[in-house]
Amino acid sequence: MPEDVGGHAELARRIRTPVAVGEAMRNRYEFADWLGRRALRLAQPDVARTGITEAMSIAELASAHHVPVACHHSVGLGIALAAGIHVSSACADTRSSSTSRTPSRSRRASCAPRWPPGPRGSPCRPGPGWASTSTPT
């Protein structure tokens, strides 16, 4: 379970892969419990949820526990992504960044493949957007 701190601590002890946690947490106090119990090896604050000041506090706390930070970037708008990049660049031990590669529901609907394709093809295809209107055999 995502909220099982003890289970995560045991998992972090047993495997070599760093256990990344934090994208749903909101403040340093939540992170402090997980860090104190050694339940994560990669802190992932989401600046859209924590705010810049709190994300910096989380990064400092993680650094004090010798845990690297990888800011998580959820489906927030550009301003949240920009804030996360700024926080990442200011952190002492930022290894990487985390983001969702799945577009939002509204974006998925607009990029859904159409069959048969229209005269200009799908708007999400690379290139000029022209596609064949022939049907498969």
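Up top you'll find the structure we're talking about.
Description of the structure in this document. Computed from a predicted model, the values in this text were never measured in an experiment.

1. Observations regarding the packing of helix α2 (residues 28–36) against helix α4 (residues 52–64)
One way to put it is that α2 packs onto α4 with a least axis distance of 9 Å and a crossing angle of 15°. Put simply, α2 runs roughly parallel to α4. Taken as a pair, α2 and α4 cross one another with a handedness that is right-handed. On α4, the residues that touch Arg28, Phe31, Ala32 and Leu35 of α2 are Glu54, Ser57, Ile58, Leu61 and Ala62.

2. Re the pattern of salt bridges
Summed over the entire model, instances satisfying the criterion amount to four salt bridges. Two residues, Asp46 and Arg49, come together in a salt bridge whose shortest N-O distance is 3.4 Å. On the accessibility criterion, Asp46 (2% relative accessible area) is buried.

3. Some thoughts on the layout of surface pockets
Approximately 220 Å³ is the volume found for the largest pocket. Looking at the largest pocket, the residues that line it are Pro2, Glu3, His8, Ala20, Val21, Gly22, Glu23, Ala24, Met25, Glu30, Asp33 and Trp34. Those elements giving two or more residues to the lining of the largest pocket turn out to be β1 (20–21) and α2. Counting residues per element, the lining of the largest pocket draws most heavily on α2, at three residues. Taken together, the residues of the lining of the largest pocket break down into six nonpolar, two polar and four charged.

About the criteria used
Residues numbered from 1 in each chain as written. Predicted model: local features only at pLDDT ≥ 70, side-chain atom pairs only at ≥ 80, totals over all residues. Heavy atoms only, no water. Axes fitted to C-alpha atoms, helices over the stretch in contact; angles between N-to-C directions. Helix = DSSP H or I, 4+ residues; strand = E, 2+ residues; numbered from the N terminus. Parallel < 35°, antiparallel > 145°, perpendicular 65-115°, else oblique. Left-handed = near helix turned anticlockwise from the far one by under 90°. Contact = heavy atoms within 4.5 Å. Salt bridge = Lys/Arg side-chain N within 4 Å of Asp/Glu carboxyl O. Buried < 20%, exposed > 50% of the residue type's maximum accessible area, 1.4 Å probe, protein only. 1 Å grid on protein atoms, 1.4 Å probe; cavity = no way out; pocket = protein on both sides within 12 Å on 5 of 7 lines; lining within 4 Å. Points joined across faces, edges and corners; volume = space filled by probe spheres on them. Nonpolar A, V, L, I, M, F, W, Y, C, P; charged D, E, K, R; others polar.

From the geometry alone we can't say anything about function, so treat these as descriptive.
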